[in-house]
Amino acid sequence: MNPNCARCGKIVYPTEKVNCLDKFWHKACFHCETCKMTLNMKNYKGYEKIPYCNAHYPKQSFTMVADTPENLRLKQQSELQSQWTGCPRPGTCCRGSTWVTEGDLS
Ligand SMILES: [Zn+2]
Ligand SMILES: [Zn+2]
């Protein structure tokens, strides 16, 4: 008797079986819950019996969660600041450590 896949519910045959998190998965079904990246026994992270990739594993603190527009903007901003050698483009300038846009310059 072959087990059923925890993701798709279809039978998992031994050649395509992944036994992880107390469940059976098709190799192709064992992917990150968030981004669908295919995982394997070495790189998966289990959380509440669901596999995640390293990037999407739910962490205790969400301070490092990226990909929201605000976080991306902050990240880009800090990257720009760390490599700053002058005003990188028209309409953007810096005042001390604070970036201001042209509209804010008087
Ligand atoms: Zn499956
Ligand atoms: Zn992911």
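Structure's up top.
Residues numbered from 1 in each chain as written. Chains lettered and ligands numbered in written order. Predicted model: local features only at pLDDT ≥ 70, side-chain atom pairs only at ≥ 80, totals over all residues.

Asks: Teacher, can you tell me more about the overall build of the chain here?
Replies: Regarding its fold elements, the chain presents one helix and six strands. Moving toward the C terminus, one meets the helices and strands of the chain in the order β-β-β-β-α-β-β. The long-range fraction of contacts in the chain, counting pairs at least 24 apart against all pairs at least 6 apart in sequence, stands at 10%. (Helix = DSSP H or I, 4+ residues; strand = E, 2+ residues; numbered from the N terminus. Contact = placed C-beta atoms within 7 Å.)

Asks: Explain the pairing of strand 2 (residues 23–26) here, please?
Replies: Pairing of strand 1 (residues 17–20) with strand 2 involves four bridges; the strand directions are antiparallel. Bridging from a neighbouring strand, lysine 17 pairs with histidine 26 of strand 2. Where strand 1 hands over to strand 2, the hairpin turn is made up of two residues, of which leucine 21 adopts a positive phi near 55°. (Pairing = 2+ DSSP bridges.)

Asks: Even after reading the chapter, I still don't get the nonpolar core, so can you show me in this structure?
Replies: Nonpolar side chains in soluble globular proteins generally cluster together in the buried interior. Cys5, Ala6, Val12, Val18, Phe24, Trp25, Phe30, Cys32, Leu39, Tyr44 and Tyr52 together form the largest nonpolar core, which totals eleven residues. In contact with phenylalanine 24, not counting residues within four places along its chain, are Pro3, Cys5, Ala6, Val12, Lys17 and Asn19. (Core = buried A, V, L, I, M, F, W, Y, C linked by C-beta atoms within 7 Å. Buried ≥ 20, exposed ≤ 12 C-beta atoms within 10 Å, placed from the backbone.)

Asks: Please clarify how the environment of asparagine 40 should be interpreted in this entry.
Replies: Relative to the helices and strands, asparagine 40 is located in the loop between strand 2 and strand 3 (45–47). In sequence terms asparagine 40 and proline 51 are eleven residues apart; their C-alpha atoms lie 9.5 Å from each other.

Shape descriptors only; they carry no functional weight alone.
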